[in-house]
Amino acid sequence: MTTGLETDDELNARHAEKMRKKQAVRDRIMAAKTIEKGLLIVHTGKGKGKTTAALGMVCRAIGHGQRVGIVQFVKGAMTTGEKAVFDAFPEQVTMKAMGEGFTWNTQNRARDIELARAAWEEVKRLIADPAVNMVLCDELNVVLRYDYLPLDEVLEVLTTRDPAKHVIVTGRNAAPEMIEAADLVTEMEMVKHPFRSGVKAQPGIEF
Ligand code: ATP
Ligand code: MG
């Protein structure tokens, strides 16, 4: 068979040559990336996936034998699917839900501040623990947005940590200072969400 003026063989040979060149360029680019370091990672934005993507990295870390600490600043006692999975790796991962739910559920600012403080103390303990490779501060951006914790204090701890340690911060409305301090920032964009069409939170998708 021929495509235009080229035979299939000619087309395949041209493709292989193009890919060889692409591979050479890629190899050169990858060879220039030699730094290994702990990252401050921020997932923010209005779209779904901030916590899910962070938990995906936790899974990867566990698979590599690393130790991970997860602190949930907002979620309450509701059991999530990931909790059941992580409970199977008690030597490697701890997951603490230290909030009592969304701020509009608790309606008690003093209590929210107290809980945010307790969660933050747990994060500090994990960051100070040399055996912990990765710390996930889930919804930390949300409590910072409400001024439940001083941003300066949080940034001081995050930026002076052991440089080998990964820290992931999730939640909408990340402060500009948090974005500035981070190495990797992803903003989830909401294109569609089934919530708008009346679909409720479902196991495997939301929890
Ligand atoms: P997930 O935990 O599913 O990764 P997330 O961390 O990005 O979501 P949060 O702001 O923590 O989002 O909100 C958690 C819950 O809100 C989830 O049940 C999620 O499906 C839902 N949600 C996220 N984005 C939207 C949106 N744009 N509209 C409606 N619901 C949303
Ligand atoms: Mg979330």
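Keep in mind it's a predicted model, so treat the numbers as computed, not measured. (Residues numbered from 1 in each chain as written. Chains lettered and ligands numbered in written order. Predicted model: local features only at pLDDT ≥ 70, side-chain atom pairs only at ≥ 80, totals over all residues. Heavy atoms only, no water.)

Participant: I keep staring at the coordination of the magnesium ion (ligand 2) and nothing clicks. Help me out?
Facilitator: Four donors placed tetrahedrally around a metal ideally meet at 109.5 degrees, and six donors placed octahedrally ideally meet at 90 or 180 degrees. At the metal site, the magnesium ion (ligand 2) is ligated by Thr51 (OG1) and Glu139 (OE), and these contacts range over 2.1 Å. With threonine 51 in helix 2 (residues 50–63) and glutamate 139 in the loop between strand 6 (134–138) and helix 6 (140–145), this residue pair connects regions lying 88 residues apart in the sequence. An identical accessibility class is assigned to threonine 51 and glutamate 139; each is buried. (Donors = N, O, S within 2.8 Å, 3.2 Å for Na, K, Ca; no water. Helix = DSSP H or I, 4+ residues; strand = E, 2+ residues; numbered from the N terminus. Buried < 20%, exposed > 50% of the residue type's maximum accessible area, 1.4 Å probe, protein only.)

Participant: Would you mind showing me how to read the domain arrangement of the protein here?
Facilitator: Where interface size is given, it is often the accessible area lost as the parts come together that is meant. With domains assigned, the protein is organised as domain 1 (1–34) and domain 2 (35–197). Once you take the C-alpha centre of each, domain 1 and domain 2 turn out to be 42 Å apart. (Domains from an automatic or database assignment.)

Participant: Could you clarify how one ought to interpret helix 7 (residues 151–159) in this entry?
Facilitator: One turn of an α-helix holds 3.6 residues; hence residues three or four places apart share an orientation. The complete set of buried residues in helix 7 reads Val154, Leu155, Val157 and Leu158. The buried residues of helix 7 occupy an angular sector of 165° when projected down its axis, which confines them to one face. Against the buried residues of helix 7 lie strand 3 (40–45), helix 5 (109–128), helix 6, strand 7 (166–170) and helix 8 (176–181). (Arc of directions from axis to C-beta. Contact = heavy atoms within 4.5 Å.)

Participant: I'm lost on the nonpolar core in this one. Help?
Facilitator: Core analysis: the biggest nonpolar cluster contains 30 residues, and Phe73, Trp120, Leu140, Leu149, Leu158, Val169 and Met178 have the highest contact counts within it. Of all the secondary-structure elements, those providing two or more residues to this core are strand 3, helix 5, strand 6, helix 6, helix 7 and strand 7. With residues up to four places along the chain from it excluded, the contact list for tryptophan 120 reads Phe73, Leu140, Leu149, Glu153, Val154, Val157 and Leu158. Among the nonpolar cores identified, the runner-up in size contains 15 residues, and Ile62, Val68, Phe86 and Ile168 belong to it. (Core = buried A, V, L, I, M, F, W, Y, C linked by side-chain atoms within 4.5 Å.)

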